[in-house]
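# Topology and contacts: notes
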Amino acid sequence: KSLIIAWETSGSNPGAATISMKIYPSHGIAVDGASGTAIEVTSNADPDIAPAISGLGAGAVAVWIDASSHALTAQTFDENGRAFGPTDGIAVGSVGSVSEMAIASLTFDAASIGSGPGPEAGASAPAQPDDQFAIVWVENADAHGYGNIMLQRYGVPYDDDGHEQSPVALGRDGQIDGNNAPEQLAVVTDAGLLSAEGRAPQAIGLKDGALALAWVECTNSGEQIRGEVIGPHGGDQILLIDLFTLF
């Protein structure tokens, strides 16, 4: 795992911010950008909306709002600080205004979308790792900051030489199955299926590819923390997070 340190400065365009970062692998020596400088993620981020950055394998992944298009945008970087997503970043596909975001990385022991070679017949070889990341955000928030809690997951495929390729959208369920668009989260409760609406989303990858998500909801009796843990394949809820009783 790598340590990622990131910061914002004034961007090259008026009203924009530059996001920079350094990647510190396990040996502790920073991976620099060109000519020993910090790695520039983008010079055109919206300065009013905080970006999110996470480790991804030995590299990193960042997500931000583009200051010109106002689109939710992501980019992935390998262990050498090289961007391996599209040149202009990954268009996450938000259909409304975004006010908050979070990101988490997930690592699997067995490849599900990697295109690298598998073991030969009769041979035993370690499975190629399959890295994923998940972006969660608040969309179309009201005046108090509460909006739809959205989720999109991505997988990182590898070529035959083990090099990362441009991430592939996976939808909520973490699989390439034709349902790969972002989705509003929903939780299964005793009262039935409830769509996720709130603010301050958080995400963290758990063991074996499970994903924990939480946010703050507004109820008639005040705010409460709601969330869920979803499985690595299929996106099914395996645990309801409901901390209403703590308030």
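A short tour of the structure in this document, coming up. (Residues numbered from 1 in each chain as written. Predicted model: local features only at pLDDT ≥ 70, side-chain atom pairs only at ≥ 80, totals over all residues. Heavy atoms only, no water.)

Among soluble globular proteins, nonpolar side chains are generally buried collectively. Of all hydrophobic cores here, the largest spans 20 residues; its most connected members are Val63, Leu72, Met101, Phe133, Ile135 and Trp137. Of all the secondary structure elements, the ones that give two or more residues to this core are strand 4 (52-56), strand 5 (59-65), strand 6 (72-77), strand 8 (98-108), strand 9 (130-139) and strand 10 (147-156). Formed by 16 residues, the second largest nonpolar core is a distinct cluster that contains Ala134, Val136, Leu185 and Ala203. (Core = buried A, V, L, I, M, F, W, Y, C linked by side-chain atoms within 4.5 Å. Buried < 20%, exposed > 50% of the residue type's maximum accessible area, 1.4 Å probe, protein only. Helix = DSSP H or I, 4+ residues; strand = E, 2+ residues; numbered from the N terminus.)

Spatially, four strands are ordered 4-5-6-7 in an open sheet, and the strand pairing comes out antiparallel. Looking at the sheet topology across the chains shown, the edges are occupied by strand 4 and strand 7 (90-91). Here six bridges tie strand 5 to strand 6, and the two strands are oriented antiparallel to one another. Bridge pairing in strand 6 places Trp64 opposite Thr73. (Pairing = 2+ DSSP bridges.)

Turning our attention to the pairing of strand 6. In terms of burial, strand 6 is largely enclosed, as six of its six residues are buried. Of the two faces of strand 6, the one lined by Leu72, Ala74 and Thr76 and the one lined by Thr73, Gln75 and Phe77 are each fully buried. Counting the residues that bridge the hairpin from strand 5 to strand 6 gives six residues, and of these His70 lies at a positive phi of roughly 60°. In terms of strand pairing, strand 6 meets strand 7 through two bridges, oriented antiparallel. In the strand pairing of strand 7, Thr73 is matched with Ala91.

The analysis is restricted to geometry; functional conclusions fall outside its scope.
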